[in-house]
2 protein chains.
Amino acid sequence: MSKNKTQKEYKLAADIAIFTVKDEQLHILLVRRAERDDDPFSGMWALPGGFHRMDVDDDIKDTAIRVLKAETGADAPYLEQLYTFSNKGRDPRYYVTSVSYFALMPYTSVSLNAGHGATEAKWVPVRNNTVSRKLAFDHNTIVDMAIERVRSKLQYTAIAGHLLGEEFSRPQLLDVYETILGCKLDKTQFNRSLVRADVLESTGRKEESKGHKRAELFRFKDGADTALFFPRGLVRASSRKEGE
Amino acid sequence: MSKNKTQKEYKLAADIAIFTVKDEQLHILLVRRAERDDDPFSGMWALPGGFHRMDVDDDIKDTAIRVLKAETGADAPYLEQLYTFSNKGRDPRYYVTSVSYFALMPYTSVSLNAGHGATEAKWVPVRNNTVSRKLAFDHNTIVDMAIERVRSKLQYTAIAGHLLGEEFSRPQLLDVYETILGCKLDKTQFNRSLVRADVLESTGRKEESKGHKRAELFRFKDGADTALFFPRGLVRASSRKEGE
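Read on for an overview of the structure. The structure displayed is predicted, hence computed values, not measured ones. Going along each chain's sequence as written, the residues are numbered from 1 onward. The naming scheme follows written order: chains are lettered A onward, ligands numbered 1 onward. The predicted origin of the model limits local features to residues at a pLDDT of at least 70 and limits the giving and counting of side-chain atom pairs to 80 or more, whereas totals for whole chains, interfaces and linings rest on all residues. The side-chain values count all of the structure's non-hydrogen atoms but skip hydrogen atoms and water molecules.

## Description of the relation of the copies chain A and chain B
Between the two chain copies there is a screw-like relation: a rotation about an axis and a shift along it. Mapping chain A onto chain B calls for a rotation angle of 180 degrees and an axial translation of 0.0 Å; the resulting RMSD is 0.0 Å. Accordingly, the operation relating the two chain copies is best matched by a two-fold axis. Taken together, the interface assignments show that 100% of the residues at the interface of chain A recur at the interface of chain B, consistent with an identical surface on both copies. Residues below a pLDDT of 70 in either copy are left out; the C-alpha atoms of the rest, at least 70 in both, set the least-squares superposition of the copies. Contacts are assigned to residue pairs with any non-hydrogen atoms lying within 4.5 Å of each other.

## Remarks on the pattern of salt bridges
Two side chains with opposite charge may pair up if their charged atoms get near one another. Residue and element names in this part refer to chain A. Only one rule defines a salt bridge in this text: a Lys or Arg side-chain nitrogen within 4 Å of an Asp or Glu carboxyl oxygen. Considering all chains together, one arrives at 32 salt bridges over all chains under this definition. In this structure, Lys153 and Glu80 form a salt bridge, with 2.8 Å as the shortest nitrogen-oxygen distance. Of this pair, Lys153 sits in helix H2 (residues 139-154) while Glu80 sits in strand E5 (residues 78-86); the two residues are 73 residues apart in sequence, bridging distant segments of the chain. Of the two residues examined, Lys153 and Glu80, each falls in the buried class. Linked through salt bridges whose partners overlap, the residues forming this network are Glu80, Arg149 and Lys153. Helix and strand labels come from DSSP, where a helix needs a run of H or I of at least four residues and a strand needs a run of E of at least two; each type is numbered from the N terminus. Accessible area is worked out with a 1.4 Å probe on protein chains only. A residue is then buried under 20% of its type maximum, exposed over 50%, and partly exposed in between.

## Regarding the sheet that holds strand E10 (residues 200-206) of chain A
All names here are of chain A. Pairing between two strands is assigned when DSSP locates at least 2 bridges connecting them. Ordered in space as E8-E11-E10, the three strands form an open sheet in which the pairing is antiparallel. Edge positions in the open sheet fall to strand E8 (168-169) and E10, since each of these has one partner strand only. With four bridges joining them, E10 and strand E11 (residues 216-220) adopt antiparallel strand pairing. Of the residues in E11, the one forming a bridge with Lys206 is Glu216.

## Here we look at the interface of chain A and chain B
With 28 residues of chain A at the contact, the number on the chain B side is 28 residues. Summed over both sides, the interface of chain A with chain B buries roughly 2800 Å², with 54% coming from carbon and sulfur. The interface formed by chain A and chain B includes two salt bridges. Note that Asp58 of chain A and Lys88 of chain B form a salt bridge whose closest N and O atoms lie 3.0 Å from each other. We define a polar contact as two N or O atoms separated by no more than 3.5 Å, with the added condition that, inside protein, one atom must be a possible hydrogen donor and the other a possible acceptor, whereas residues neighbouring each other in sequence contribute only through side-chain atom pairs. Our count for the contact surface shared by chain A and chain B stands at eleven residue pairs in polar contact (both at pLDDT 80 or more). For the side of chain A that touches chain B, the elements supplying multiple residues, two or more each, are strand E1 (10-22), E5 and strand E6 (95-104) of chain A. In terms of residues, the side of chain A that touches chain B owes the most to one element, E5 of chain A, which gives four residues. The term buried area means the drop in 1.4 Å probe accessible area that two parts suffer when joined, counted for both and summed.

Dropping the structure here:
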């Protein structure tokens, strides 16, 4: 396949860290690679990914969207470029540049599907800001960076709401922040910071009955994904760093 | 060059937005492309960049470092991956994936050099968060994103100090923040936030004489580039958004 010692064929791929929250825990979607003699990572777990196809993908984000749809049966409400991994050691066969993305999806919108040469797909819990299994390629590095990015973005954006679907209550959003950041937040301060950031609008509806108190449902305003939202009320030692 | 309508050759490149501060203004390095009949952007100004070379570059960051050294004669004290631009419309000849970087350099360390097929290299001032001229490829988009990233990172890191060299005084750092953010900062609050963030250490030296008050010189502590630093004292309407 290679012309000489230093020449390999260039390939372009997209890999995606797809996150959801279920059972009050952050989860990431992993797929198991098929058993193949010519695959150096045969049978190992990996991030969903695929090669760019010039005939159908105008750009590399199209590749990510195509892979995501194939694996989950849905479009992600939030998809962001994470980092590009491009070095000669990533794959023994080709020089593969992987443009990595992360996506946030509500658990309920997903119907798992082992596409793209995978034999199995499943949600794996994120514990201690990592996944416990050894993944193919440099995917452990990508996963750890994606988790770090999601946690970091929670400190200055409201994008975590995309884990909840098109509409959600403020207590649900608070739960997601507490789950992912691994700390308690003061409800009053959190709600105040949401109001101040002005990223949500009421849908005019309330939650389905859950006892006598039914919380109001909200959706994102236009432009909310790039707006600054500093969730206040973090009850932990490092909270002073967030800008007191 | 292309096999059929939808197939082009894949190419991998690094493009770099190199920033400095001179004459109390943020500047970006641009190069002028040679006049060539087969170059669709012949003679136009562009970001410094170059193709990945498998024989010398282990990864794409090596390409960025090589290009930067060729253009400036120096290593940048700060180089960060910005974004990857990868779509079929970027270049009429190939499918070029450009991994873009931004670099921060002190003005004094640079000796400009038009390398990599460029005929001229010069510092161009950043005004209104953009550059005023039409650049080759999608480089205006890359430049605007790079400026936005630098300004944004100033709000939670101290990396702007790399524009000043290995050692700098706190008043010099304050000047850089004011220059790039385009607003005044309260000196006392700014200094207090620097102390709180604990990212600088004294070199034990003072500025060369500039009148009777010689400011103490500092350098970055290890790990300072990834540490959070929220510069306080921004005197402007939106300052409440930074986390009051």
